[in-house]
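So you can see what is in the structure, the chains are spelled out below.
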Amino acid sequence: MASSEVSRHLLFQSHMATKGTCTSSQLSDDEQKVKRENVRSLSMCGHVGFESLPDQLVNRSIQQGFCFNILCVGETGIGKSTLIDTLFNTNFEDCESSHFYPHVRLKAQTYELQESNVRLKLTVVNTVGFGDQINKEESYQPIVDYIDAQFEAYLQEELKIKRSLFNYHDSRIHVCLYFISPTGHSLKTLDLLTMKSLDSKVNIIPVIAKADAISKTELQKFKIKLMSELVSNGVQIYQFPTDDETIAKINASMNGHLPFAVVGSMEEVKVGNKMVKARQYPWGVVQVENESHCDFVKLREMLICTNMEDLREQTHTRHYELYRRCKLEEMGFKDMGPENKPVSLQETYEAKRHEIYGERQRKEEEMKQMFVQRVKEKEAILKEAERELQAKFEHLKRVHHEERLKLEEKRKLLEEEIIAFSRKKAACEIYQNQYFAASGSTLKKDKDRKNSNYM
């Protein structure tokens, strides 16, 4: 871990400590008990006004607006975009996806919605190409990486010295709508692997898409089988909370209807005297908002009207806190010491500083030893090369000397041959001159004899 990251984490913990936001794990049970005993309950003699705090919180929340991020996981063409359009009663104008993407990629689009005086920044993340590859082994990994990347971005913003969480666009996924094909048989291996990889990172709500493709009897059996498979494989799906008395009854009832069998459609069909959202078939009409036809109304009620804030809270307090804790533990931070005693920030900082310093010293020593060893190895190689070059030089020098001696001998022989040749040439020239002189005298005598005969 880099020292800058350590400093940022330590500064964040220090800042939280100065604000008095210590968690219960940072205090011993005895200290917490003493603190509770020291709190006194008093009765007031008149009106003060802090009863308006909930109204102040509501007004501030309305002014700030809300954000909600939905992850839609399912095969191409299963009806993800249509269901989102139907849930929020608007056309998001998402283009159709192809079945021929080589890899799974996540496509996030953010929209500004307003209902009455409440503003909602909605982000819909779609899994493009999920389940379309021949090798589906890595189909869910890009989804896991995307969720972790949003957690990491929020953690880095939270750890800044100068934070701006008030204006920060929270991109953490609050709910995952997992679309299951209406096969009527069982979950695919890809579905189980994906949900098992995501259940500790996001709130999963399984939905059976295109539920009008299966009969009611088969649908009920399919739901029971799906829930049995999820339980037997240890997949934790989101359970609607039952701790609030006002919604405990309806949430407990809706937990029994999971997974929701839904039908989505933005097409309006006239049924009786009114126009309703439905799907028109040759054999009849499937009404989207008719609870006897599908569970769309139940999903909308649970997802948007009743438990949206709980989904946001669960994302922050459960999934993000788990990610944050694992990250800090990887970096060496902990709340309790070896003897199960609380560890202060200063102790953690000093221990981490000594650990990093010792690690740096150890690595420096290893690098020095490695450098010395490599220098020695290089010197040995150079000396060996030098010896080889010297031996080669001596050999070449000896060969050169021998060649020179041979050339000297050949030169002497050549000079002797030249001298002998010169001598022979001189002798030949003498013999030739004598011959020419003798021949000349003989010719003169013959000429004189001829002339005397004529006379």
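Everything in this summary refers to the structure shown in the same document. (Residues numbered from 1 in each chain as written. Predicted model: local features only at pLDDT ≥ 70, side-chain atom pairs only at ≥ 80, totals over all residues. Heavy atoms only, no water.)

A closer look at a negative patch on the surface
Consideration 1: On the surface, Asp243, Asp244, Glu245 and Glu313 cluster together into a patch of negative charge.
Consideration 2: Here Glu313 is to be found in helix α10 (residues 308-330).
Consideration 3: We classify Glu313 as partly exposed; its relative accessible area is 44%. (Patch = residues over 30% accessible without salt bridge, like charges linked within 9 Å, V, L, I, M, F, W, Y side chains within 5 Å. Areas by Shrake-Rupley, 256 points an atom, 1.4 Å probe, with all protein chains shown as cover. Salt bridge = Lys/Arg side-chain N within 4 Å of Asp/Glu carboxyl O. Lys, Arg positive; Asp, Glu negative; His and termini not counted. Charge placed at Lys NZ, Arg CZ, Asp CG, Glu CD. Helix = DSSP H or I, 4+ residues; strand = E, 2+ residues; numbered from the N terminus. Buried < 20%, exposed > 50% of the residue type's maximum accessible area, 1.4 Å probe, protein only.)

Things to note about the sheet that holds strand β4 (residues 175-180)
Backbone-to-backbone hydrogen bonds join strands into a sheet, with any given pair of strands oriented parallel or antiparallel.
Consideration 1: Reading across the sheet, the 6 strands line up as β2-β3-β1-β4-β5-β6 and stay open at both edges, with mixed pairing between neighbours. Because the sheet does not close on itself, it has two edges, and the strands there are β2 (105-115) and β6 (260-261).
Consideration 2: Across the face of the sheet, helix α6 (residues 189-198) comes into contact with β1 (66-73), β4 and β5 (204-208) while running at roughly 170° to β4. (Pairing = 2+ DSSP bridges. Contact = heavy atoms within 4.5 Å. Axes fitted to C-alpha atoms, helices over the stretch in contact; angles between N-to-C directions.)

Focus on the environment of Glu291
Consideration 1: Looking at the secondary structure, you find Glu291 in the loop between β9 (284-287) and α9 (296-306).
Consideration 2: Sequence spacing of Glu291 and Val262 is 29 residues, and the spatial spacing of their C-alpha atoms is 9.8 Å.
Consideration 3: Once residues within four sequence positions are removed from consideration, Glu291 is found in contact with Val297 and Lys298.
Consideration 4: Engagement of the side chain of Glu291 in a polar contact is seen with the side chain of Lys298, the distance being 3.2 Å. (Polar contact = N/O pair within 3.5 Å; in protein donor to acceptor, adjacent residues only side chain to side chain.)

Observations concerning the packing of helix α8 (residues 245-255) against α9
Consideration 1: Their axes nearest at 11 Å, the elements α8 and α9 cross at an angle of 140°. Between α8 and α9, the angle is such that the two are oblique. Crossing hand, α8 versus α9: left-handed. Between α8 and α9, the residues in contact are Ile247, Ile250, Asn251 and Met254 and Lys298, Met302 and Thr306, respectively.
Consideration 2: In terms of residue class, the contact of α8 with α9 is built from 4 nonpolar, 2 polar and 1 charged. (Parallel < 35°, antiparallel > 145°, perpendicular 65-115°, else oblique. Left-handed = near helix turned anticlockwise from the far one by under 90°. Nonpolar A, V, L, I, M, F, W, Y, C, P; charged D, E, K, R; others polar.)

Some details on the pattern of salt bridges
Consideration 1: The final tally for this structure, using the stated rule, is 17 salt bridges.
Consideration 2: Among the salt bridges present, the one from Glu309 reaches Arg312, with a minimum N-O distance of 3.0 Å. Of the two residues, Glu309 and Arg312 both sit in helix α10, 3 residues apart, roughly one turn of that helix.
Consideration 3: Note on Glu309: relative accessible area 46%, which makes it partly exposed.
Consideration 4: The closest approach of N and O atoms between Arg411 and Glu415, which form a salt bridge, is 2.6 Å. A residue pair is termed a helical-turn pair when its members lie 3 or 4 positions apart in one helix, as Arg411 and Glu415 do in helix α11 (residues 345-454) at 4 residues.
Consideration 5: Look at Arg411 and you get partly exposed, because its relative accessible area is 40%.
Consideration 6: Among the residues examined, Glu415 registers a relative accessible area of 38% and is labelled partly exposed.

Some words on the sheet that holds strand β7 (residues 268-271)
Consideration 1: Taken together, the 3 strands give an open sheet; going across it, the order is β7-β8-β9, and neighbouring strands pair in antiparallel fashion. The open sheet terminates on both sides in strands that have one partner only, identified here as β7 and β9. The mean inter-strand angle of the sheet, taken between neighbouring strand axes irrespective of direction, is 65°.

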